[in-house]
Amino acid sequence: MTVTVLAIFDEFNQNAPLAKVMKERLIRLAAELQDVHLKSLTTIEPLTEDVVVYISYNPKFTVRWRIVNDVPLAIEKEVAEHCATLGYIVWKTAAINVFKGKE
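In this report, the structure presented in the accompanying data block is examined.

Conventions used here
- Residues numbered from 1 in each chain as written.
- Predicted model: local features only at pLDDT ≥ 70, side-chain atom pairs only at ≥ 80, totals over all residues.
- Heavy atoms only, no water.
- Pairing = 2+ DSSP bridges.
- Helix = DSSP H or I, 4+ residues; strand = E, 2+ residues; numbered from the N terminus.
- Contact = heavy atoms within 4.5 Å.
- Axes fitted to C-alpha atoms, helices over the stretch in contact; angles between N-to-C directions.
- Polar contact = N/O pair within 3.5 Å; in protein donor to acceptor, adjacent residues only side chain to side chain.
- Expected span 1.5 Å × (residues − 1).
- Buried < 20%, exposed > 50% of the residue type's maximum accessible area, 1.4 Å probe, protein only.
- Arc of directions from axis to C-beta.
- Phe/Tyr/Trp six-rings, centres within 6.5 Å; stacked < 30°, edge-to-face > 60°.
- Lys NZ or Arg CZ within 6 Å of the ring centre and 35° of its normal.

So, the sheet that holds strand 3 (residues 63-67)
Strand pairing in a sheet takes place through backbone hydrogen bonds and is either antiparallel or parallel in direction. If you walk across this open sheet you meet the four strands as 1-2-3-4, and the pairing is mixed. The two strands at the open ends of the sheet, each matched to only one other strand, are strand 1 (2-7) and strand 4 (89-90). Two strands pair when backbone bridges link them, and strand 2 (residues 50-57) and strand 3 are joined in this way by five bridges, in the antiparallel orientation. Looking at strand 3, one finds that Tyr54 is bridged to Arg66. Strand contacts of helix 2 (residues 73-85): strand 2 and strand 3, with the helix running at about 175 degrees to strand 3, the strand carrying the most contacts.

Here it is, written out as structure tokens:
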């Protein structure tokens, strides 16, 4: 399975005093989540499947996450466990194109 974690800067004020530091931190956290914490997912069959996770800041600068493609429920739960351990919150959205885990 291919794991991709992307840092999203949607509600991020690019002119804030610490904008550069916060942006670099989010990019580092995305790389760490992908390469360290979710590395175990890369050995799960089928290897042609993928999971895409977005991380961003909420308005209070807490890191939030969401899976943006259709994945099995077990994968969704494992990503949720790792993110909860890191103190990240679920990214709640009103968007229609948000997928839930397959059973």
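Observations concerning the side chain of Asn69
Secondary-structure assignment places Asn69 in the loop between strand 3 and helix 2. A polar contact of 2.9 Å, which involves the side chain of Asn69, links it to the backbone nitrogen of Val52.

Some words on helix 2
Its 13 residues place the ends of helix 2 18 Å apart at the C-alpha level, agreeing with the 18 Å of an ideal helix rising 1.5 Å per residue. Along helix 2, the positions that sit buried rather than exposed are Ile75, Glu76, Val79 and Cys83. Seen along its axis, helix 2 keeps its buried residues to an arc of 100 degrees; they face one direction. Seen from the open side of helix 2, the exposed residues pointing more than 90 degrees away from its buried face are Ala74, Lys77, Glu81, Ala84 and Thr85. Positive phi appears at Gly87, one or two residues downstream of helix 2, with a value of about 90 degrees.

Things to note about the packing of aromatic side chains
Under the criterion given, the structure shown has one aromatic pair. Pairing Tyr57 with Phe61 gives two aromatic rings, centres 5.9 Å apart and planes at 70 degrees, and the pair type is edge-to-face. Residue Tyr57 is classed as buried on the basis of its relative accessible area of 3%. Across the ring face of Phe9, the terminal group of Lys23 is positioned such that the distance to the ring centre comes to 5.2 Å. The cationic tip of Arg66 hangs over the ring face of Trp91; the distance from NZ or CZ to the ring centre is 4.4 Å.

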